[in-house]
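# Coordinates in review
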Amino acid sequence: MTAAYDVAVVGGGLVGLTAAWHLARDGASVVLLEAGDLGAEASGANAGSLHLQIQYPEFVKYGEAWARAYAPTLRFLAASIDLWQEMSEAVGEDLNVRVKGGVVVARTDAQMRAIAAKARIEASVGIVTEVLGRDELRAVAPYLSDAAIGGGFCAGEGKADPLRATPALARAAVAAGVDIRTRTTVTGIARDAQGFALATPGGAVRAARVVDAAGARAADCAAMVGVPIDLGGFPLQVTVTEPVAPLIPHLVYSAAGKLSLKQAPNGGCVIGGGWAARVHGDGGLATDPANFAANMGIAADVVPVLGQARALRSWTAWVNGTPDWRPIIGEAPGVPGFFLAIFPWVGFSAAPMTGRVVADLVLGRAPTVPLDGISVLYD
Ligand SMILES: Cc1cc2nc3c(=O)[nH]c(=O)nc-3n(C[C@H](O)[C@H](O)[C@H](O)COP(=O)(O)OP(=O)(O)OC[C@H]3O[C@@H](n4cnc5c(N)ncnc54)[C@H](O)[C@@H]3O)c2cc1C
């Protein structure tokens, strides 16, 4: 039997939709199979940070050797943030993309030394993080607490709107000809000489090639073709405050505890930074109250005006995580035609380029960003 589609994409998050969009624009016939609704998992529930610099908590936790191994990945993130800045025009909708820089705020000399060491590793791959003293930091970010003694400022970081991005990419993918099927869980994948047959409750879907963009469940999807990958789902939570006057143009982190903080165009401040949500016995998620309080406390320590703002809403979702933070992008070893599209932890930042390079690889082209030393499949 001949393949019904050139490519089947499993997963309707931002990575799957972006890959499908590129593939269809480049002439492939594409079906996208999504278990639930488009963007209903991490891609629609993330905090909207466009991360570039090495995350400070992981730098301290895993050390310089890890940071040097991870550093080439920053080139991929930088290229992806470049694509973010073209994305609104490409899809014809305003995705609220702003790249005004990100700052890690320090309170101690030891934290300043760690920020400087991290900046040296970032510089080794061409990513500039300026190490700022107290007065320089105050000049850049006057909204910070007086307790800040300095920080690291990376001009290439920013933010975008997750609630707009995934639906916009879905519309662009449909316009490019992608056949999108929601509420269609892939339950098994069989391979034969003609390609792949993907089992779904609505019947089998045939495709010559498959893209695994199943996010936090990508390992389950890869296991369907016998490919083991070291990836899991981790429960996270994020909170947004009521709108406050325009104040914070940057992405803000703290060296004193886990924090990512940014102000949305409506004035609400989105506060997260990798705080765990609670998992029920049935696998559902709920806000962890202790982590909520700790997260809000750090935010108000760093930006005092937030101590006066009410939290409006918290939400939770599973993030796709790998132990060493490195992406798993490329054709699966031993399974020609099956492609992994996994960018962990900061996959919102990386989604535009992940989708593009996966489309490149599926279509037999050199990837737009070389993956050597970036994807674990290219070591
Ligand atoms: C709370 C939170 C905050 C975050 N904040 C940020 C941030 O600020 N910046 C940043 O860069 N990153 C952030 N991330 C990470 C980022 O959101 C993810 O890395 C990224 O969205 C992953 O995109 P994806 O398309 O690969 O996966 P997802 O968005 O998870 O999409 C995968 C899709 O695959 C579907 N699926 C799974 N299995 C199957 C199957 N068998 N059949 C069919 N469909 C299937 C799922 O239903 C899902 O819709 C955050 C994540 C969370 C959870």
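Residues numbered from 1 in each chain as written. Predicted model: local features only at pLDDT ≥ 70, side-chain atom pairs only at ≥ 80, totals over all residues. Heavy atoms only, no water.

Let's shift gears to the overall build of the protein chain. What the protein chain contains, in helices and strands, is 10 helices and 20 strands. Relative to the globule expectation of 21 Å for 379 residues, the C-alpha radius of gyration of the protein chain, 21 Å, shows essentially globular dimensions. For the protein chain, the spread of C-alpha atoms along the three principal axes comes to 70 × 40 × 40 Å. Split into buried and exposed, the 379 residues of the protein chain put 56% on the buried side. Roughly 14,900 Å² of accessible area belongs to the protein chain as shown, and the carbon and sulfur atoms make up 53% of that amount. (Helix = DSSP H or I, 4+ residues; strand = E, 2+ residues; numbered from the N terminus. Rg over C-alpha atoms; globule rule 2.2 N^0.38 Å. Buried < 20%, exposed > 50% of the residue type's maximum accessible area, 1.4 Å probe, protein only. Areas by Shrake-Rupley, 256 points an atom, 1.4 Å probe, with all protein chains shown as cover.)

The subject of this paragraph is the sheet that holds strand 18 (residues 311-321). Taken together, 8 strands build an open sheet; the order of strands is 5-6-4-13-14-15-12-18 and the sheet is mixed. With one partner strand each, in any of the chains shown, strand 5 (129-133) and strand 18 form the two edges of the open sheet. The mean angle between the axes of side-by-side strands here comes to 20 degrees, regardless of whether they run parallel or antiparallel. Note: strand 12 (residues 232-241) against strand 15 (residues 269-276), 4 bridges, orientation antiparallel. When the bridges of strand 15 are listed, Leu 236 appears paired with Ala 276. Its contacts with the sheet place helix 5 (residues 109-124) against strand 4 (102-106), strand 5 and strand 6 (150-154), and it is angled at close to 155 degrees to strand 5. Its contacts with the sheet put helix 9 (residues 289-302) on strand 4, strand 12, strand 13 (251-254), strand 15 and strand 18, and the angle it makes with strand 15 is roughly 130 degrees. (Pairing = 2+ DSSP bridges. Axes fitted to C-alpha atoms, helices over the stretch in contact; angles between N-to-C directions. Contact = heavy atoms within 4.5 Å.)

A few words now on the packing of aromatic side chains. Summed over all chains, the structure comprises 9 aromatic pairs. Seen from their ring centres, Tyr 70 and Trp 325 are 6.2 Å apart, and the 85 degrees between their planes marks the pair as edge-to-face. With Tyr 70 in helix 3 (residues 56-70) and Trp 325 in the loop between strand 18 and strand 19 (328-331), the pair connects residues that are 255 residues apart, well separated along the chain. Residue class for Tyr 70 comes out buried when judged on its relative accessible area of 3%. Here Arg 25 stacks its cationic end above the ring of Trp 21, 4.0 Å away from the centre of that ring. Over the face of the ring belonging to Trp 275 we find Lys 258, whose NZ or CZ atom lies 4.9 Å from the ring centre. (Phe/Tyr/Trp six-rings, centres within 6.5 Å; stacked < 30°, edge-to-face > 60°. Lys NZ or Arg CZ within 6 Å of the ring centre and 35° of its normal.)

Before going further, it helps to examine the packing of helix 1 (residues 14-25) against helix 10 (residues 347-362). Look at helix 1 against helix 10: their axes get within 8 Å of each other, and the N-to-C directions meet at 35 degrees. The two elements helix 1 and helix 10 cross, and the hand of that crossing is right-handed. Taken together, the residues of helix 10 that come into contact with helix 1 (itself represented by Leu 14, Val 15, Thr 18, Ala 19, His 22 and Leu 23) are Gly 347, Phe 348, Ala 351, Pro 352, Thr 354, Gly 355, Arg 356, Val 358, Ala 359 and Val 362. Grouping the amino acids of the contact of helix 1 with helix 10 by side-chain chemistry returns 10 nonpolar, 5 polar and 1 charged. (Left-handed = near helix turned anticlockwise from the far one by under 90°. Nonpolar A, V, L, I, M, F, W, Y, C, P; charged D, E, K, R; others polar.)

Once that is clear, we can look at the pattern of salt bridges. Counted under the stated rule, the structure contains 12 salt bridges. Two residues, Asp 26 and Arg 365, come together in a salt bridge whose shortest N-O distance is 2.9 Å. Here Asp 26 is found in the loop between helix 1 and strand 2 (30-33), whereas its partner Arg 365 is found in the segment after helix 10, with 339 residues between them in sequence. Between Asp 161 and Arg 164 there is a salt bridge, with the nearest N and O atoms lying 3.6 Å from each other. (Salt bridge = Lys/Arg side-chain N within 4 Å of Asp/Glu carboxyl O.)

Our next topic: unusual backbone geometry. Located in the positive-phi region is Trp 325, a residue other than glycine, with phi close to 75 degrees. Residues other than glycine seldom take positive phi values, yet Trp 345 does so here, at roughly 65 degrees. Tracing the backbone through its elements, the reader meets Trp 345 in the loop between strand 20 (338-342) and helix 10.

A word on the site of the ligand. Around the ligand sit 37 residues in total, of which Glu 34, Ser 43, Ser 49, Asn 320 and Ser 349 are the nearest. One of the side-chain N or O atoms of Ser 43 is found 2.6 Å from an oxygen atom in the ligand. For the ligand, an oxygen atom lies 2.6 Å from a polar atom in the side chain of Ser 349. Put simply, the parts of the chain that give the shell around the ligand at least two residues each are helix 1, helix 2 (42-45), strand 12, strand 18 and helix 10. Here the shell around the ligand takes 4 residues from strand 18, the largest share from any one element. Looking at the shell around the ligand, its residues break down into 20 nonpolar, 14 polar and 3 charged. Here the shell around the ligand spans two domains, and each of domain 1 (5-45 + 163-230 + 325-378) and domain 2 (100-156 + 232-321) adds at least three residues to it. (Near = heavy atom within 4 Å. Polar contact = N/O pair within 3.5 Å; in protein donor to acceptor, adjacent residues only side chain to side chain. Domains from an automatic or database assignment.)

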